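Coordinates in review
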Amino acid sequence: MPSVAFYTLGCKVNFYDTEAIWQLFKNEGYEQVDFEQTADVYLINTCTVTNTGDKKSRQIIRRAIRRNPDAIVAVTGCYAQTSPAEILDIPGVDLVIGTQDREKIIPYVKEIQAQRQPINAVRNIMKTRQFEELDVPDFADHTRAFLKIQEGCNNFCTFCIIPWSRGLSRSREPQSVVAQARQLVAAGYNEIVLTGIHTGGYGDDLENYRLSDLLWELDKVEGLGRIRISSIEASQIDDRMLEVLKGSSKMCRHFHIPLQAGSNEVLKRMRRKYTIEEFEGKIKMIREFMPDVAITTDLIVGFPGETDELYREGFEAIKRIGFSEMHVFPYSKRTGTPAARMEDQIDEEIKHARVQELIDLSEQMQLAYAEKFVGQVLDVIPERDEKGVWGNGFVTGFSDNYLQIKFDGSHDMAGKICRVKMTKADANTSEGQLVRVMDGTAQALA
């Protein structure tokens, strides 16, 4: 039986794409082995969001070649898309394929087996208007299923290379999304996370059809318990979106809305297309609709030109808005982006101190948000715990408003919706008591 090994760098979308590529190999009769073992084919799914991503991708490629010099080494993903020549310069690389055409991987592998000639299969991504249909039926470690509905991005923020590696925004056909959602429900998944490179941009390329329309369609899927959106821009949350929030019992009370910076001056330099006032107004509107909503965000700290004064101004705005959790990153120069060429780069030590301060603020916010729910009953879907991390007699999962809660339970509850009363708040993992396990139709068990 031929064997294949995978290594994935970067974001959740890449992990999804790797799983989809594994399906192709699986259908071809391959077995999957660990990347540290000897395999016939090594596939490395690369990342290029930072310069470090490129470097790490190259290290992993070389590791595969050393492990088995006779193996076919195939490289895909964002770094492959933007720098195919650089990768083909590494002796031992057989195939470079970017962030499209991946259904052709198996034919290419067969061609290489026959001829042993390296193939550069990368073509221009900026011309692509088609969504690449690759499905993932099963997620080994998760009780949530991911469903990719969108690819690419039209925003061209000044710090970001991704439009050049993923192309412009394109949406998966609605009926195809719904069909896949039904299959995931049939496979036993209670929660679906809609994901993409710029998920909220779903529908930008469709005639008169938006993300809110898709959510209504998914709301009708029999047996689906929860729908979560991986990430959405503030500008994409409009009245129609709020209607779905209010009207659908399946929508999670959780939005991940990237802010990136708290000062208008910095937002403008990032080309973020909104002001802090607009962002704050939108958050207020969402909270009026859904008072208990969890709003998480991303922040880039120490962007070129972020003076102490602008940082302070941003810090105060962030504190005022309040989030349930913040993902904080120091700005890192990405070669090929406008921001990398900007003059007033910020000293690393200053960046580090600011990151620390915002992480501390995030921890306070996480605790304050969790404390609001002590004594309340929440629906939690326990994750699988093969390694026994949480100890005997305990399970852990996420509530719809994205609180991680540990409670008394057994492993056979994994993936089921459990009613849990929260007893103790914590910035990371809160504690609760099981009230009851719901069956698939969300009716209480006798």
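All of these numbers come straight from a predicted model, not from anything done at the bench.

Focus: the packing of helix α7 (residues 174–186) against helix α8 (residues 211–219)
Taken N-terminus to C-terminus, the directions of α7 and α8 make an angle of 35 degrees; their axes are 10 Å apart at the nearest point. Relative to α8, the crossing made by α7 is right-handed. The residues of α8 that touch α7, namely those facing Pro174, Val177, Val178 and Ala181, are Leu214, Glu217 and Leu218. Class assignment for the residues of the contact of α7 with α8 results in 6 nonpolar, no polar and 1 charged.

A short note on the UniProt feature "domain: TRAM" (unreviewed entry) in the chain
Under the present numbering, the feature "domain: TRAM" (unreviewed entry) in UniProt falls on residues 371–436. For the annotated span residues 371–436, helix accounts for 2% and strand for 48% of the residues, and the straight-line distance between the end C-alpha atoms is 22 Å.

Quick notes on the pairing of strand β3 (residues 41–46)
Within β3, 6 of the 6 residues are buried, which leaves the element mostly enclosed by the surrounding structure. The alternating pattern of β3 places Val41, Leu43 and Asn45 and Tyr42, Ile44 and Thr46 on opposite faces, both of which are buried. Across 5 bridges, the pairing between strand β1 (residues 3–8) and β3 is parallel. Residue pairing in the sheet places Val4 in a bridge with Val41 of β3. With 6 bridges connecting them, β3 and strand β4 (residues 72–77) associate as parallel partners. Of the residues in β4, the one forming a bridge with Asn45 is Thr76. With respect to chirality, the unit in which β3 leads through helix α2 (residues 51–67) into the neighbouring parallel β4 is right-handed.

Focus on the side chain of Glu151
The topology assignment puts Glu151 in strand β8 (residues 150–151). There is a polar contact of 3.0 Å between the side chain of Glu151 and the side chain of Arg166. Not counting chain neighbours up to four residues away, the residues in contact with Glu151 comprise Phe131, Arg166, Leu168, Ser169, Arg170 and Ile197.

Structural notes on the pattern of salt bridges
Tallied over the full model, the rule gives 32 salt bridges. In this structure, Arg123 engages Asp101 in a salt bridge whose closest nitrogen and oxygen atoms are separated by 2.8 Å. Taken together, the positions of Arg123 in the loop between β6 (119–120) and β7 (144–148) and Asp101 in the loop between β5 (95–96) and α5 (105–115) put the pair 22 residues apart, joining distant regions of the chain. Among the residues examined, Asp101 registers a relative accessible area of 9% and is labelled buried. Measuring nitrogen to oxygen at the nearest pair gives 3.0 Å for the salt bridge that ties Glu151 to Arg166. Here the residue Glu151 occupies a position in strand β8, and Arg166 occupies one in helix α6 (residues 162–166), the gap between them amounting to 15 residues. Side by side, Glu151 and Arg166 carry an identical accessibility label, which is buried. Here the residues in one salt-bridge network are Asp17, Arg102, Glu132, Lys148, Glu151 and Arg166, joined through shared partners.

Focus on the UniProt feature "domain: MTTase N-terminal" (unreviewed entry) in the chain
Residues given the UniProt feature "domain: MTTase N-terminal" (unreviewed entry) here are residues 2–114. A distance of 15 Å separates the end C-alpha atoms of residues 2–114, which is 47% helix and 19% strand.

Description of the domain arrangement of the chain
What the domain assignment reports for the chain is domain 1 (3–123), domain 2 (145–372) and domain 3 (376–437). For domain 1 and domain 2, the distance between their C-alpha centroids amounts to 29 Å. The interface is formed by 15 residues belonging to domain 1 together with 16 residues belonging to domain 2. Across the domain 1/domain 2 interface, buried area totals approximately 1300 Å², and carbon plus sulfur atoms make up 53% of it. When the area that domain 1 buries against domain 2 is broken down by residue, the three leading residues are Val13, Tyr16 and Asn51, summing to 40%. For the pair domain 1 and domain 2, the interface holds 3 salt bridges.

Let's talk about the environment of Asp70
Mapped onto the secondary structure, Asp70 falls in the loop between α2 and β4. Asp70 sits in the exposed class, given a relative accessible area of 62%. Counting along the chain gives 29 residues from Asp70 to Val41, while the straight-line C-alpha distance between them is 9.1 Å.

About the cut-offs
Residues numbered from 1 in each chain as written. Predicted model: local features only at pLDDT ≥ 70, side-chain atom pairs only at ≥ 80, totals over all residues. Heavy atoms only, no water. Axes fitted to C-alpha atoms, helices over the stretch in contact; angles between N-to-C directions. Helix = DSSP H or I, 4+ residues; strand = E, 2+ residues; numbered from the N terminus. Left-handed = near helix turned anticlockwise from the far one by under 90°. Contact = heavy atoms within 4.5 Å. Nonpolar A, V, L, I, M, F, W, Y, C, P; charged D, E, K, R; others polar. UniProt positions renumbered as here; feature names shortened; annotations may be inferred. Buried < 20%, exposed > 50% of the residue type's maximum accessible area, 1.4 Å probe, protein only. Pairing = 2+ DSSP bridges. Right-handed = clockwise from strand over helix to strand, strands pointing away. Polar contact = N/O pair within 3.5 Å; in protein donor to acceptor, adjacent residues only side chain to side chain. Salt bridge = Lys/Arg side-chain N within 4 Å of Asp/Glu carboxyl O. Domains from an automatic or database assignment. Buried area = accessible area lost by both parts, 1.4 Å probe.

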